[in-house]
Amino acid sequence: MTETPSKTKTGLISPTRRGALKTLAAGTAAAATMPLWARYTSAQSAAPIKIGFGKHATGIGAAYGRWYERTSVAALAKINAEGGINGRPVELVTEDDGTDPRRAAEVLEKFANQSDCDVAFGTLFSHVVVGAAPRAGELKLPYFVVSEGHHVASGMLNRWTLQPGITDVKSQISAMAPFLTGTLGKKVTMIYPDYAFGYDHRDNLAPAIEAAGGEVVAKIAIPPTETSFTKYFPQIPRDTDVIYHVMIGPAVLTFVKEMGEFFGPSRPEIFGFIDSLEATDLTSPGLEFLEGTYFWEGNPRYLQADAPDYVKAYRDAVGLDENGASVSDPSDVSTSAHMFGCWETLHIIKAGMEAAGYQSTADRQKLVEAVEAMSMMEAGPAHPQGTKMFNGKTHQVFGPQYISKVEGGKLSVVKTVPYEETIYPDEVDYTSMSF
Amino acid sequence: MDFGPYLMLAMLEGAVLAAVLALMASGLSLVFGVMRVVNVAHGEFYMLGAVMAWVVTQFLAGLGGGAAVNFIAAAVLAPLIVGAIAAAADVTILKRLDYDPERVIVATIGLLYVIQQATLMGYGPDAKPVVAPFNQRLALPWFEFGEDGFQMYYPWGLSTTSYKLFVIVAAVVLLFALRLFMTRSRAGLIMRATQLDRDMATAFGIPVEKVYALVFGAGAALAALAGVLIVPIQQAHYLMGGDALLLSFIVVIIGGLGSLAGTVVAAVIIGMSDGIISVFFTPTLAKIIATLAVALVLVFRPQGLFGVKTR
């Protein structure tokens with residue numbers, strides 16, 4: 001802060017009648033509102049920091065929304081118990097975005113103009129993020145997404161949109177490709193949803209597999225609202241060694257069941273992104289077929305034997321049992337591989353606001369710059385998923401990736417890929433863009 | 001995959017769709033035929049049938065019932081519950097609009113959203129599975145005249161499940177029963193009488209309003225039954241009514257509004273072509289062609305394939 005402006009040079013005070021009356025009137029008006037002053041006397045330090053949370057409460061992302069909210073509420077309870085941010089309490093302002101890009105943009109507008117949120121946060125589905133982020137840029141509202149799409153690091157978005165709490169699809173794929181070709185087989189057929197998130201997989205898998213000495217023999221796109229899948233399976237070439245699937249949405253159970261019915265006893269190796277079965281009980285009818293197949297996990301769903309204490313503390317805070325389901329309802333399975341990102345992002349917002357000396361919405365730009373300046377994030381209570389490295393230029397974090405095998409209806413981690421092996425060259429430098 | 005087995009798989013998939021579609025569309029057609037109103041909420045009754053099937057099986061599973069018993073109970077109870085809801089909607093809403101066709105369309109659009117959002121609030125946004133009463137994978141053989149002469153083998157991926165075959169058979173039986181009911185039973189006679197001339201039927205002492213409520217309920221029950229049959233294959237979800245409604249409108253328009261036979265034939269055409277085009281090309285193309293067919297039918301034969309020209 002600069003010094004207060006210097007006093008007037010003239011020195012002498014020469015009151016006029018009109019001036020005196022004005023002052024009197026202003027004084028009266030101020031006195032009339034005095035009872036309201038108390039609320040603002042400490043506004044700089046005590047008013048809660050508001051974090052606008054775009055929740056997939058309805059639409060195809062509903063299960064994610066439910067768990068994103070639970071994780072965020074748990075993270076804020078922890079942050080508030082530890083003294084809040086800059087001594088101020090933090091509160092979540094939740095709005096349903098309907099897993100719909102248009103509504104998500106409106107929700108951002110609401111955060112900025114109606115509920116006076118300091119930052120916006122949340123939202124998984126890539127089409128929603130891609131649709132809403134430009135509005136965040138226009139509103140100059142820091143937008144912390146937990147989406148795992150490659151759209152942040154690809155340079156498609158803007159300086160106000162950051163993804164510091166969850167890794168992106170491109171790094172996940174480059175971490176998986178050597179395992180696919182090395183352990184499972186060289187000829188890969190991929191089945192992916194026909195929109196942005198699926199395209200990230202489509203565009204990045206083939207180069208990664210070829211770099212690892214394999215070949216993608218077929219790419220099968222399925223519309224995200226599809227409800228029956230048998231009609232797509234005949235497109236799978238006979239010489240396929242590995243099927244790579246990343247289906248998401250309400251119909252994934254059907255997808256797996258029909259894949260099982262299609263192949264019967266003679267199936268190729270199968271590798272999936274757990275996105276297919278987030279929030280789905282692996283012991284559901286029809287999923288027996290997945291026994292012995294492999295999954296990428298962003299964060300292990302089942303409590304692993306060697307889990308450190310901070311992972312257990314995180315799971316307890318969110319309310320997860322050892323199967324990764326809600327402690328109050330074992331059939332309510334979590335979206336474990338993604339929701340940790342909410343926990344970590346909220347801790348990063350805290351760290352960023354403290355580094356920036358964040359006081360009010362006028363400091364939003366400072367917050368973005370403070371987060372851009374971050375780099376290493378050590379595993380611990382704030383980062384239970386593992387040690388990460390944030391790239392301020394691309395606004396994207398890099399972290400460990402887990403490969404798990406379905407054994408006895410549970411996922412056991414068979415391989416952990418450290419963050420160093422998931423890094424790829426920068427594709428954008430957001431810090432060179434203007435605010 | 002070779003062409004032969006590929007085509008057979010496509011046809012099996014198409015037949016399942018056709019079966020469910022025929023049931024659902026005949027409900028829509030029945031309501032239009034007798035009451036001369038278009039029920040836009042029909043897809044939601046289908047969804048409600050699937051959701052009710054989940055509710056009933058879930059409740060009975062809690063009591064310790066087996067999958068087959070639960071499913072039979074769902075197949076009986078879900079259409080009854082949905083039919084009762086629809087009949088109540090008829091008495092409380094449609095009757096007060098005097099079955100005026102335009103206003104009924106608007107009213108049923110409202111009903112569509114009420115049912116859909118109420119389901120979202122009560123049942124939730126997730127897709128939930130119902131266990132099929134039986135579901136064995138059946139690998140299907142294929143024949144080939146090779147160098148060694150005639151031989152039979154099991155191609156990769158050519159298979160169906162016993163439950164899918166059951167759906168096809170069940171739909172055929174139910175449609176046949178519906179036809180018998182309409183042509184041979186007294187209730188069917190009364191419905192047809194009401195359809196032909198409402199005023200004359202009233203003059204002969206037929207309680208037309210009761211008939212309307214029953215028909216509207218029965219149409220919804222048929223949709224619900226289709227929902228129950230499909231749910232072990234597809235899961236129950238609160239948005240599943242949309243596509244189903246579009247397809248049944250396509251079927252009913254092509255077949256001729258109000259004609260049961262036309263509806264069944266159109267369902268088979270649309271279901272099979274959707275299955276085959278989806279498998280060989282893309283599902284989007286299948287929808288495009290089906291909608292195009294509707295446009296062509298409306299232009300060149302507005303009464304539908306089996307419809308009777310109105311005077």
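Residues numbered from 1 in each chain as written. Chains lettered and ligands numbered in written order. Predicted model: local features only at pLDDT ≥ 70, side-chain atom pairs only at ≥ 80, totals over all residues. Heavy atoms only, no water.

### Concerning the overall build of chain A
Here is step 1: When helices and strands are tallied, chain A shows 12 helices and 15 strands.
Here is step 2: Considering only intrachain contacts with a sequence separation of at least 6, the fraction spanning at least 24 residues in chain A is 70%.
Here is step 3: Total accessible area computed for chain A in this model is approximately 17,200 Å², and 55% of it derives from carbon and sulfur atoms. (Helix = DSSP H or I, 4+ residues; strand = E, 2+ residues; numbered from the N terminus. Contact = heavy atoms within 4.5 Å. Areas by Shrake-Rupley, 256 points an atom, 1.4 Å probe, with all protein chains shown as cover.)

### Quick notes on the interface of chain A and chain B
Here is step 1: Taken together, the contacts link 31 residues of chain A with 28 residues of chain B.
Here is step 2: Between chain A and chain B, roughly 2,500 Å² of surface is buried when both sides are summed, and carbon and sulfur atoms account for 56% of that area.
Here is step 3: A salt bridge links Lys164(B) to Glu258(A), with the nearest nitrogen and oxygen atoms 3.9 Å apart.
Here is step 4: Seen at the junction of chain A and chain B, the total is 9 residue pairs in polar contact (both at pLDDT 80 or more).
Here is step 5: When contributions to the side of chain A that touches chain B are tallied by element, the ones reaching two or more residues are helix H4 (62-81) and helix H9 (252-263) of chain A.
Here is step 6: Ranked by residues supplied to the side of chain A that touches chain B, first place goes to H9(A) with 8 residues.
Here is step 7: Classifying every residue of the side of chain A that touches chain B gives 14 nonpolar, 10 polar and 7 charged. (Buried area = accessible area lost by both parts, 1.4 Å probe. Salt bridge = Lys/Arg side-chain N within 4 Å of Asp/Glu carboxyl O. Polar contact = N/O pair within 3.5 Å; in protein donor to acceptor, adjacent residues only side chain to side chain. Nonpolar A, V, L, I, M, F, W, Y, C, P; charged D, E, K, R; others polar.)

### A closer look at the nonpolar core
All names here are of chain A.
Here is step 1: Counting 123 residues, the largest nonpolar core has Leu108, Ile191, Leu205, Tyr244, Phe255, Phe271 and Leu277 as the members making the most contacts within it.
Here is step 2: Per-element tally for this core: the top contributor is helix H11 (residues 336-356), with 9 residues.
Here is step 3: Not counting the four nearest positions on each side in its chain, Ile191 is found in contact with Ile220, Ile222, Phe233, Ile236, Ile243, Tyr244, His245, Val246, Met247 and Phe255. (Core = buried A, V, L, I, M, F, W, Y, C linked by side-chain atoms within 4.5 Å. Buried < 20%, exposed > 50% of the residue type's maximum accessible area, 1.4 Å probe, protein only.)

### Quick look at the pairing of strand E6 (residues 187-193) of chain A
Residues and elements named next belong to chain A.
Here is step 1: With 6 of 7 residues buried, E6 lies mostly within the body of the structure.
Here is step 2: Direction of pairing for E6 relative to strand E7 (residues 215-222): parallel, over a ladder of 7 bridges. Directly across from Ile191, in E7, lies its bridge partner Ile220.
Here is step 3: Following the chain from E6 across helix H8 (residues 196-211) to the adjacent parallel E7, one finds a crossover that is right-handed.
Here is step 4: Across 4 bridges, E6 lies against strand E8 (residues 242-245) in parallel orientation. Residue pairing for E8: Ile191 is matched across the bridge by His245. (Pairing = 2+ DSSP bridges. Right-handed = clockwise from strand over helix to strand, strands pointing away.)

### Details of the sheet that holds strand E12 (residues 388-391) of chain A
All names here are of chain A.
Here is step 1: The strand order across the open sheet formed by 3 strands is E11-E12-E13, and the pairing between neighbours is antiparallel. Taken across any chain shown, the strands that pair with only one partner, and hence form the sheet edges, are strand E11 (376-377) and strand E13 (396-398).
Here is step 2: Note: E12 against E13, 3 bridges, orientation antiparallel. Considered in E13, the bridge of Met389 is made with Phe398.

### Quick look at the domain arrangement of chain A
Residue and element names in this part refer to chain A.
Here is step 1: Along its sequence, chain A is carved into domain 1 (44-167 + 338-400 + 427-432) and domain 2 (170-297).
Here is step 2: A C-alpha centroid distance of 30 Å is found between domain 1 and domain 2.
Here is step 3: With 14 residues of domain 1 in contact, the opposing surface of domain 2 contributes 14 residues.
Here is step 4: Taken together, the two surfaces of domain 1 and domain 2 that pack against each other cover about 1,300 Å², and 55% of this comes from carbon and sulfur.
Here is step 5: At the junction of domain 1 with domain 2, the criterion picks out 1 salt bridge.
Here is step 6: In this structure, Glu427 and Lys170 form a salt bridge, with 2.5 Å as the shortest nitrogen-oxygen distance.
Here is step 7: On inspection of domain 1 and its partner domain 2, the count reaches 7 residue pairs in polar contact (both at pLDDT 80 or more).
Here is step 8: Tallied by class, residues from the side of domain 1 that touches domain 2 come to 5 nonpolar, 7 polar and 2 charged. (Domains from an automatic or database assignment.)

### Brief notes about the layout of surface pockets
Here is step 1: Here the second largest pocket is characterised by a volume of approximately 950 Å³.
Here is step 2: Taken together, 40 residues line the second largest pocket, and the ones lying closest to its centre are Leu253(A), Ala279(A), Ala127(B), Lys128(B) and Pro129(B).
Here is step 3: Looking at the lining of the second largest pocket, the elements with two or more residues in it are H4 and H9 of chain A together with helix H2 (42-63) and helix H3 (67-94) of chain B.
Here is step 4: Counting only domains with at least three residues in the lining of the second largest pocket, you end up with domain 1 (44-167 + 338-400 + 427-432) and domain 2 (170-297) of chain A. (1 Å grid on protein atoms, 1.4 Å probe; cavity = no way out; pocket = protein on both sides within 12 Å on 5 of 7 lines; lining within 4 Å. Points joined across faces, edges and corners; volume = space filled by probe spheres on them.)

### Thoughts on the side chain of Thr160(B)
Residues and elements named next belong to chain B.
Here is step 1: Its location among the elements puts Thr160 in strand E4 (residues 159-161).
Here is step 2: Exposure remark for Thr160: the relative accessible area of 6% places this residue in the buried category.
Here is step 3: With residues near it in sequence (within four places) discarded, Thr160 still touches Leu12, Gln136, Arg137, Leu138, Leu140 and Leu165.

### Quick word on the packing of aromatic side chains
Here a ring pair, both rings aromatic, is described through the centre-centre distance and the interplanar angle of the planes.
All names here are of chain A.
Here is step 1: Across all of its chains, the model carries 23 aromatic pairs over all chains by this definition.
Here is step 2: Ring geometry for Phe262 against Phe263: centres 5.2 Å apart, planes inclined by 85 degrees, an arrangement best described as edge-to-face. Summarising the burial analysis for this pair, Phe262 and Phe263 share the class buried.
Here is step 3: Taken together through their ring pairs, the aromatic side chains of Phe179, Tyr244, Phe271, Phe273, Tyr294 and Trp296 make up a single cluster.
Here is step 4: The ring centre of Trp67 lies 4.4 Å from the NZ or CZ of Arg70, which sits over that ring. (Phe/Tyr/Trp six-rings, centres within 6.5 Å; stacked < 30°, edge-to-face > 60°. Lys NZ or Arg CZ within 6 Å of the ring centre and 35° of its normal.)

### Some remarks on empty space enclosed by the protein
Rolled over the atoms, a probe with the dimensions of a water molecule shows which regions are left empty.
Here is step 1: Taken as a whole and judged by the stated rule, the model has 4 cavities of 30 Å³ or more.
Here is step 2: Volume-wise, the largest cavity comes out at about 70 Å³.
Here is step 3: Tyr64(A), Leu124(A), Phe125(A), Ser126(A), Ser147(A), Glu148(A), Tyr195(A), Phe197(A), Ile248(A), Asp275(A) and His338(A) are the residues that line the largest cavity.
Here is step 4: Split by residue class, the lining of the largest cavity holds 6 nonpolar, 3 polar and 2 charged.
Here is step 5: If you count residues domain by domain, the lining of the largest cavity takes at least three from each of domain 1 (44-167 + 338-400 + 427-432) and domain 2 (170-297) of chain A.
Here is step 6: The space that makes up the second largest cavity amounts to roughly 60 Å³.
Here is step 7: Along the walls of the second largest cavity sit Thr230(A), Glu258(A), Glu261(A), Phe262(A), Glu13(B), Ser159(B), Thr160(B), Thr161(B) and Lys164(B), which together make up its complete lining.
Here is step 8: If you list the elements that add at least two residues to the lining of the second largest cavity, you get H9 of chain A together with E4 of chain B.
Here is step 9: In terms of residue class, the lining of the second largest cavity is built from 1 nonpolar, 4 polar and 4 charged.

### Considerations on the sheet that holds E8(A)
Residues and elements named next belong to chain A.
Here is step 1: In space, the 7 strands of this open sheet follow the order E7-E6-E8-E9-E10-E14-E15, with mixed pairing throughout. In the strand order of this sheet, the two ends are held by E7 and strand E15 (410-417), each with one partner. In this sheet, neighbouring strand axes are inclined to one another by 25 degrees on average, regardless of whether the strands run parallel or antiparallel.
Here is step 2: The sheet contact formed by strand E9 (residues 269-273) and strand E10 (residues 294-297) spans 3 bridges and is parallel. If you follow Phe273 over to E10, its bridge partner there is Trp296.
Here is step 3: H8 contacts E6, E7, E8 and E9 of the sheet and is inclined by roughly 165 degrees relative to E6. (Axes fitted to C-alpha atoms, helices over the stretch in contact; angles between N-to-C directions.)

### Here we look at the pairing of strand E14 (residues 401-407) of chain A
Residues and elements named next belong to chain A.
Here is step 1: Within E14, 5 of the 7 residues are buried, which leaves it mostly tucked inside the rest of the structure.
Here is step 2: In this sheet, E14 lies alongside E10 in antiparallel orientation, the contact comprising 4 bridges. By the bridge assignment, Trp296 is partnered in E14 with Ile403.
Here is step 3: When E14 meets E15, the two strands line up antiparallel, connected through 7 bridges. For Glu407, the partnering residue across the bridge sits in E15 and is Lys410.
Here is step 4: Connecting E14 to the antiparallel partner E15 that follows it, the hairpin turn spans 2 residues, and Gly408 within it adopts a positive phi of roughly 60 degrees.

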